[in-house]
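# Structural overview
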Amino acid sequence: EFFVVILPYRKGENYQIPVSKLSTGHFLIQDGMDSTLFTKTGLCSKSKESLSIATWSKQPFTAHGYEITGGPAEMDITTKTIKVKIHGNSGSRTFRVPVTGISTTTRSGLITIFEKNGFTEWTINYINKGKDLLSTEQGYTEFLFNIK
């Protein structure tokens, strides 16, 4: 078994940022204040302004206190918003964040949300509309959450 990650860099430049193995199946790329943690099931990219977490597996993916469970999904987190993108097969996706005071304008019955012990957790009952494409191909459904 092997695991391959393709890392982009500018044409003509040598890639100088080392990839560190943290533990079995956990790798880290650190570039100044920016870092990316990745595993076979997901990744978490952290910068000064934002944090992005994504998974392509039904297995839970957790990093920095944030978690996604249930299938392919992404969270892009800033100080004021959390943008969630869900793709893949229909089914529930659960998101857990170490932040309270989160709200959304989506009230169609798709989302259940609650706070407990300094965390907010919500479940979205996602229904695929035949869009099994990558997020870059716009085959996703997006939800916006606000942080107070």
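The present account deals with the structure reproduced in this document. (Residues numbered from 1 in each chain as written. Predicted model: local features only at pLDDT ≥ 70, side-chain atom pairs only at ≥ 80, totals over all residues. Heavy atoms only, no water.)

## Focus on the environment of Val19
For Val19, the position within the fold is in strand β1 (residues 19-23). Residue classification places Val19 among the partly exposed positions, given a relative accessible area of 42%. Put simply, Val19 and Thr36 are 17 residues apart on the chain and 9.5 Å apart in space, counted from C-alpha to C-alpha. If sequence neighbours within four positions are ignored, Val19 has contacts with Leu7, Phe27, Leu28, Ile29 and Phe38. (Helix = DSSP H or I, 4+ residues; strand = E, 2+ residues; numbered from the N terminus. Buried < 20%, exposed > 50% of the residue type's maximum accessible area, 1.4 Å probe, protein only. Contact = heavy atoms within 4.5 Å.)

## Some thoughts on the pairing of strand β12 (residues 111-116)
In this structure, β12 lies alongside strand β13 (residues 119-126), joined through 6 bridges in antiparallel fashion. Bridge pairing in β13 links Ile113 to Trp122. Counting the residues that bridge the hairpin from β12 to β13 gives 2 residues, and of these Asn117 lies at a positive phi of roughly 50°. (Pairing = 2+ DSSP bridges.)

## Description of the sheet that holds strand β3 (residues 34-38)
Strand order in this open sheet of 9 strands is β1-β2-β3-β4-β5-β8-β9-β14-β11, and the pairing throughout is antiparallel. Looking at which strands have only one partner, the edges of the open sheet turn out to be β1 and β11 (102-104). For this sheet, the mean angle separating the axes of adjacent strands, direction not counted, is 20°. The pairing of β11 with strand β14 (residues 141-147) spans 3 bridges and is classified as antiparallel. Paired with Ile102 across the strands is Ile147, a residue of β14. (Axes fitted to C-alpha atoms, helices over the stretch in contact; angles between N-to-C directions.)

## Topic: the sheet that holds strand β7 (residues 66-69)
Strand order in this open sheet of 5 strands is β6-β7-β10-β13-β12, and the pairing throughout is antiparallel. In this open sheet, the two edge strands, each paired with only one partner strand, are β6 (61-63) and β12. In this sheet, neighbouring strand axes are inclined to one another by 10° on average, regardless of whether the strands run parallel or antiparallel. Across 3 bridges, the pairing between β6 and β7 is antiparallel. Residue pairing across strands places Phe61 opposite Ile68, the latter belonging to β7.

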